[in-house]
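# Summary of the model geometry
Listed here are the chains, written in short residue letters.
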Amino acid sequence: MKLPEAQLAVLEAASANEAQPIDEIATETGTNPTTATGAAFALEDEGLLDVIEHTRTTASLTDEGREYADAGLPETRLYEAADGIEGDAEMGPVIGASGLDGPAVDIALSNFARKEYGKIESGTIRIDPEADPDDDPEHAALAALADGESVPDEAVLDRLASRDLVQREETVVREVRLTDDGVTALMEGVEAADTVGQLTSDLLTTGEWRDVEFAEYNVEADAEQVDGGRIHPLRRTAERVKDVLVGMGFEEMDGPHADAEFWINDALFMPQDHPARTHWDQFTLADPPAIDDLPDDLVAGVKRAHLEGVDDGEGYHSPWAEDVARGLTLRGHTTSLSARYLSGEAVGDLEPPQRFFSVEKVYRNDTLDSTHLLEFFQIEGWVMAEDLSVRDLMGTFTEFYAQFGITDLQFKPTYNPYTEPSFELFGEHPTTGELVEIGNSGLFRPEMLDPLGVDCDVMAWGLALERLLMLTHGFEDIRDVHGTLVDLDFLRNAEVVY
Ligand SMILES: N[C@@H](Cc1ccccc1)C(=O)O
């Protein structure tokens, strides 16, 4: 006779004379208890084994029970504290000497009375010298349970359970015993059947399939993990940002990564000697050396704003060279796109109200550190309307960041050549609690808007996408988001909540 391995093991371990708990057989044969139980029932179906079930009530100590097993029952401690005192003793000092306090005092008093350890009258206690708390069966039972021994006295266990010192639980115990058929089978010889994981054409044609044992499906086994391509969490966050802004009524801008300094700097009223316009800050391109297709009237207007100012604002009155404006550089911010759109160059003249945004890459010759990258994504945006104020700006940020669970924004006044007033935005890092700068914003100055032909208010901002991710996902180092050191498990499993 051939049997699957687990069944064979259980059959060989079982006895005809004595019922044996399946758990014991499992330990003995090194079989998993669930497998052994399944095997036992299969053998019972074959008539080789009887499975006998009964329930057993087990007892285990509660925390309080364990404490008393160590320190003694409160009533015993009370008895011992009064032991040796002749006649009635003052209750107060006895309790003090017993070391009992809180609810243990009441427990001690009521059990002292129940066990007739002595007499308690108002304010006094007198022990019965005949009583023998050292021999207390309740304590003996606690001590036995604490030592892992079993306690046969059900009444004591019930009493301890009613005192919440012991927990009683019913468990089903299954035992097996060989039947006569089982004994016969073992005598005639039983061997392990080959288990086959897969039915092959060979097994079918040779008819061997009849004699093999098929492995059971393990429906609980983990499926092999497949790591296909996934969109980077940063990119997914960018998509989420776009969805949120579109939901807030914004339209998306796009435009060149390498652009004339005119759009990146000059149109933003950035003086040509501003430090951010040096090689130390921006990646300037040598070829082509200059951009031809700048709109002449805009160039003239921007030049005038720099040299002489506009109606509502002073100019710089310092040199302004057109060939600097025509130089090509990688954009250090996407405010170049805002300038193109506001000027009418991108999509024609715009009438207020308007809202635009972009989530695009920018490039800066920064020093890499935990909060700076050479390329990162900016969430650019602006709103054009009559009469905008700082409150509108703050309200927009509050609404936007709330979509990402960020509700503790802080604003700090700052300076930008192209906005007045200007504000930096901070959020609190979820794990370090540090304030992280997450953006810069303000109301565009007339010196910028006037040459672009805009005659109403425009509030605008540039927010850092990677910093947003630092706040939503708890990164402490921005380089954990990009580059060779990122955690692959993070890339595979990160959730971007939609
Ligand atoms: N261009 C700014 C952000 C900004 C945009 C628009 C208005 C004000 C600030 C930066 O890169 O930090």
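Residues numbered from 1 in each chain as written. Predicted model: local features only at pLDDT ≥ 70, side-chain atom pairs only at ≥ 80, totals over all residues.

Naming follows an unreviewed UniProt entry, where the protein appears as Phenylalanine--tRNA ligase alpha subunit of Halococcus hamelinensis 100A6. In its Subunit (unreviewed entry) section, UniProt records this for the protein: "Tetramer of two alpha and two beta subunits." Taken from UniProt, the Subcellular location (unreviewed entry) comment for the protein reads in full: "Cytoplasm". (UniProt positions renumbered as here; feature names shortened; annotations may be inferred.)

## Describing the overall build of the protein
In terms of helices and strands, the protein carries 20 helices and 22 strands. Of all 498 residues assigned to the protein, the portion counted as buried reaches 33%. Partitioning the intrachain contacts of the protein with sequence separation of at least 6 by distance along the chain shows that 69% fall at a separation of at least 24. (Helix = DSSP H or I, 4+ residues; strand = E, 2+ residues; numbered from the N terminus. Buried ≥ 20, exposed ≤ 12 C-beta atoms within 10 Å, placed from the backbone. Contact = placed C-beta atoms within 7 Å.)

## Some remarks on the confidence of the model for the protein
Taken over all residues, the pLDDT of the protein has a mean of 92, while the share at 70 or more is 100%. In the predicted assembly, ipTM is 0.98 and pTM is 0.60. (pLDDT = per-residue confidence, 0-100.)

## Quick look at unusual backbone geometry
Residues Asp287 and Pro288 are joined by a peptide bond in cis, for which omega reads 0°. Within the secondary structure layout, Pro288 lies in the loop between strand E13 (284-285) and helix H14 (296-307). The omega torsion of the bond from Pro352 to Pro353 falls at -5°, within 30 degrees of zero and hence cis. With a phi angle near 55°, Glu116 is a residue other than glycine that sits in the positive phi range. You can see Glu116 is positioned in the loop between helix H7 (103-114) and strand E5 (118-121). Here Asp164, not a glycine, exhibits a phi torsion of approximately 60°, which is positive. Mapping Asp164 onto the fold places it in the loop between helix H9 (154-162) and strand E7 (166-178). Judged by the 11 C-beta atoms lying within 10 Å of it, Asp164 is exposed.

## Here's the deal with the site of the ligand
Taken together, His333, Thr335, Asn416, Thr419, Asn440, Ser441, Gly442, Ala460, Trp461 and Gly462 are the residues near the ligand. Residue assignment for the shell around the ligand shows that the elements contributing at least two residues are strand E21 (435-444) and strand E22 (457-464). Looking at the shell around the ligand residue by residue, the class counts come to two nonpolar, eight polar and no charged. (Near = placed C-beta within 6 Å. Nonpolar A, V, L, I, M, F, W, Y, C, P; charged D, E, K, R; others polar.)

## Let's talk about the packing of helix H5 (residues 74-82) against H7
One can describe the packing of H5 onto H7 by two numbers: an axis separation of 7 Å at closest approach and a directional angle of 80°. The orientation of H5 with respect to H7, classified from their angle, is roughly perpendicular. Of the residues in H7, those in contact with Pro74, Glu75, Arg77, Leu78 and Tyr79 of H5 are Ala104, Ile107, Ala108, Asn111 and Phe112. Across the contact of H5 with H7, the residue classes break down as seven nonpolar, one polar and two charged. (Axes fitted to C-alpha atoms, helices over the stretch in contact; angles between N-to-C directions. Parallel < 35°, antiparallel > 145°, perpendicular 65-115°, else oblique.)

## A short note on the nonpolar core
Across soluble globular proteins, nonpolar side chains have a tendency to be buried as a group. Within the largest apolar cluster, 59 residues are counted, with the highest numbers of intra-cluster contacts made by Val458, Met459 and Leu465. The element contributing the most residues to this core is E22, with six residues. The residues contacting Leu465, other than those within four sequence positions of it, are Leu234, Thr237, Ala238, Val241, Val359, Phe376, Phe377, Gln378 and Ile379. Within the second largest apolar cluster, 19 residues are counted, among which are Leu3, Leu8, Ala26 and Val176. (Core = buried A, V, L, I, M, F, W, Y, C linked by C-beta atoms within 7 Å.)

## Side note on the sheet that holds strand E3 (residues 49-61)
One open sheet holds the three strands; their spatial order is E2-E7-E3, and the pairing between them is antiparallel. At either end of the open sheet lies a strand with only one pairing partner, and these are strand E2 (20-21) and E3. Both E3 and E7 contribute to a ladder of 13 bridges, which runs antiparallel. Looking across to E7, one finds that Glu53 is bridged to Arg174. Relative to E3, helix H3 (residues 33-45) is tilted by about 150°, and along the sheet it contacts E3 and E7. (Pairing = 2+ DSSP bridges.)

## Thoughts on the packing of helix H1 (residues 5-13) against helix H2 (residues 22-29)
Relative orientation of the contacting elements H1 and H2 amounts to 110°, with a least axis distance of 10 Å. If you check the angle between H1 and H2, you find them roughly perpendicular. The chirality of how H1 crosses H2 is right-handed. Taking contact as the criterion, the partners of Ala9, Val10 and Ala13 in H1 are, on H2, Ile25, Glu28 and Thr29. Its residues assigned to classes, the contact of H1 with H2 shows four nonpolar, one polar and one charged. (Left-handed = near helix turned anticlockwise from the far one by under 90°.)

## Looking at the UniProt feature "binding site: L-phenylalanine" (unreviewed entry) in the protein
UniProt records the feature "binding site: L-phenylalanine" (unreviewed entry) for Thr335, Gln378, Ile379, Glu380, Tyr418 and Phe444 in the present numbering. Relative to the helices and strands, Ile379 resides in strand E18 (residues 375-385). With residues near it in sequence (within four places) discarded, Ile379 still touches Val241, Phe357, Val359, Leu463 and Leu465. Following the sequence through the fold, Glu380 ends up in strand E18.

## With respect to the environment of Thr432
With respect to the helices, strands and loops of the structure, Thr432 is situated in the loop between strand E20 (419-428) and E21. Thr432 gets classed as exposed once you count the C-beta atoms within 10 Å, which come to 11. Taking the C-alpha atoms as reference points, Thr432 and Gly474, 42 residues apart in sequence, are found 8.5 Å from one another.

## Some points on helix H16 (residues 335-343)
Within H16, nine of the nine residues are buried, leaving the element largely enclosed by the surrounding structure. Every buried residue of H16 is listed here: Thr335, Ser336, Leu337, Ser338, Ala339, Arg340, Tyr341, Leu342 and Ser343. Gly344 lies just past H16 and shows a positive phi near 90°.

## Describing the pairing of E18
In terms of residue burial, E18 counts as a mostly covered element, since eight of its eleven residues are buried. As paired strands, strand E17 (residues 354-363) and E18 are joined by ten bridges and run antiparallel to one another. Note that in E18 the partner of Phe357 across the bridge is Gly381. Bridge count for E18 against E22 is eight bridges, and the pairing is antiparallel. Counterpart to Ile379 in the pairing with E22 is Leu463.

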